[in-house]
Amino acid sequence: MKTAKEMIDFIIQKNIKPGKGMIKAFDVVEETLLDNEEVFYCMGAFSASDGSPQIALGITNSRVIAAQKKMFSNTVITISLNCINDITFKRKLTGDYITIANSSGDNLTISTYKGIGQEIVNALHNAIDSINSSSASNINNVEEIRKYKSLLDDGIITIEEFQKKKQQLLGI
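The residue count restarts for each chain, going from 1 along the sequence in the order it is written. Only residues with pLDDT of 70 or above have their local features reported here, since the model is predicted, and side-chain atom pairs are shown and tallied only from 80 upward, although totals for entire chains, interfaces and linings are computed over all residues. To obtain the side-chain values, all non-hydrogen atoms of the structure were used and water was disregarded.

**Quick look at the environment of Ile120**
- Only DSSP runs of H or I with at least four residues qualify as helices, and only runs of E with at least two residues qualify as strands; both kinds are numbered from the N terminus onward. Here Ile120 is to be found in helix α3 (residues 117-153).
- Ile120 gets classed as buried once you look at its relative accessible area, which sits at 0%.
- Counting along the chain gives 31 residues from Ile120 to Phe89, while the straight-line C-alpha distance between them is 9.6 Å.
- Residues are treated as being in contact if the distance between any of their heavy atoms lies within 4.5 Å. Apart from residues lying up to four places away in sequence, Ile120 is in contact with Tyr41, Met43, Leu57, Ile59, Ile98 and Thr112. Summary of the burial criterion: residues with accessible area below 20% of their type's maximum are buried, those above 50% are exposed, and those between are partly exposed, where the area comes from a 1.4 Å probe applied to protein chains only.

Structure follows, in structure tokens:
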């Protein structure tokens, strides 16, 4: 998802009726997205630390974005997926609470509608797993290129074969 409309449609499909504040917050998430970034999970939530104003939560291919549209400014908190070192989930009478902690000690705590919290935690774990498997794949590709370079140096394959395999492994 790249647009606020797509994100709002996503949460409506989850039977969440966004309020005006949440709709405006998804506009802020859209404005915050980088060119190479795409939201693959989003949800409306509430800031547990700011007296429960409505926020938009977006989980992208590289980070978590929590955004709020205020009257005269925007509040945006981002946490890189590869910096997340703890995710806690608590179900309370008033809703589900999620705390995302990063390696610098900053925490983002949100509350969500009852029953949605575990879904958000699962989406976070899926995003982190995706980043980790992508990194492992890149390391394997580098090792493969080194192997083919050795074959080239030994005269077993031609420069053309090496270049072709290198481009294939790098996705060029």
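**Overview of the packing of helix α1 (residues 4-13) against helix α2 (residues 20-32)**
- Two numbers describe how α1 lies on α2: the axes approach to 8 Å, and their chain directions differ by 130°. One way to sum up the angle between α1 and α2 is to call them oblique. Handedness of the crossing formed by α1 with α2: right-handed. Contacts between α1 and α2 involve Ala4, Met7, Ile8 and Ile11 on the former and, on the latter, Met22, Ile23, Phe26, Asp27, Val29 and Glu30.
- When residues are grouped by polarity, Ala, Val, Leu, Ile, Met, Phe, Trp, Tyr, Cys and Pro land in nonpolar, Asp, Glu, Lys and Arg in charged, and all others, Gly among them, in polar. Residues of the contact of α1 with α2, tallied by class, amount to eight nonpolar, no polar and two charged. Inter-axis angles, ranging from 0 to 180 degrees, are taken between N-to-C directions of lines fitted to C-alpha atoms, where helices are fitted over the stretch in contact. Roughly parallel refers to an angle under 35 degrees, roughly antiparallel to one over 145, roughly perpendicular to one between 65 and 115, and oblique to any angle outside these ranges. Take the far helix as your reference; a near helix turned counterclockwise from it by less than a right angle gives a left-handed crossing, and one turned clockwise gives a right-handed crossing.

**Description of the side chain of Thr112**
- Its place among the elements puts Thr112 in strand β7 (residues 107-112).
- A distance of 3.4 Å separates a polar atom in the side chain of Thr112 from the backbone nitrogen of Gly117.
- Each residue touching Thr112, except ones within four places of it in the same chain, is listed here: Ala45, Gly95, Asp96, Ile98, Gly117 and Ile120. In protein, a polar contact means a hydrogen-donor-capable atom and an acceptor-capable atom, both N or O and within 3.5 Å, with residues adjacent in sequence counting only if both atoms are side-chain atoms; elsewhere, any N or O pair within 3.5 Å suffices.

**Considerations on the pairing of strand β2 (residues 54-60)**
- Burial within β2 is extensive, with six of its seven residues counted as buried.
- Criterion used throughout: strands pair if DSSP finds at least two bridges between them. The pairing of strand β1 (residues 39-47) with β2 spans seven bridges and is antiparallel. Looking across to β2, one finds that Phe46 is bridged to Gln54.
- Direction of pairing for β2 relative to strand β3 (residues 63-69): antiparallel, over a ladder of four bridges. By the bridge assignment, Ile59 is partnered in β3 with Val64.
- Once β2 ends, the chain turns through two residues before running back antiparallel as β3.

**Re unusual backbone geometry**
- Although it is not a glycine, Asn15 adopts a positive phi angle of roughly 65°.
- Relative accessible area serves as the criterion here: at 71%, Asn15 is assigned to the exposed category.

**Notes on α1**
- Within α1, the full set of buried residues consists of Ala4, Met7, Ile8, Phe10 and Ile11. Looking straight down α1, one finds that the buried residues subtend no more than 155° of arc, so they occupy a single side. What points out from α1, more than 90 degrees from its buried face, is the exposed set Lys5 and Gln13.
- On the buried face of α1, the contacting elements are α2 and β1.
- Trailing α1 by a residue or two, Asn15 shows a phi angle of about 65°, which is positive. When we speak of the arc, we mean the arc of directions from the helix axis to the C-beta atoms.

**Describing the pairing of β7**
- Alignment of β1 against β7, held across two bridges, turns out to be antiparallel. Each bridged residue has a counterpart across the sheet, and for Ser47 the counterpart in β7 is Ile110.
- Connecting the antiparallel pair strand β6 (residues 95-102) and β7 is a turn made up of four residues, with Gly105 showing a positive phi of about 90°.

**Comments concerning a negative patch on the surface**
- Taken together, the side chains of Glu6, Asp27, Glu30, Glu31 and Glu38 make up a negatively charged region of the molecular surface.
- The dominant element in the negative patch, judged by the number of residues it contributes, is α2, at three residues.
- With respect to the secondary-structure elements, Glu31 resides in helix α2. Patch rule: a residue counts if its relative accessible area is over 30% and it has no salt bridge; like charges are joined within 9 Å, and nonpolar side chains (Val, Leu, Ile, Met, Phe, Trp, Tyr) within 5 Å. The method behind every accessible area is Shrake-Rupley, applied with a 1.4 Å probe, and residues are considered shielded solely by the protein chains displayed. A pair is scored as a salt bridge if a Lys or Arg side-chain nitrogen falls within 4 Å of a carboxyl oxygen belonging to Asp or Glu. A residue counts as positive if it is Lys or Arg and as negative if it is Asp or Glu; His and the chain ends are not included. Note on charges: their place is set at NZ of Lys, CZ of Arg, CG of Asp or CD of Glu.

Keep in mind that these numbers describe shape and distance, not what the molecule does.
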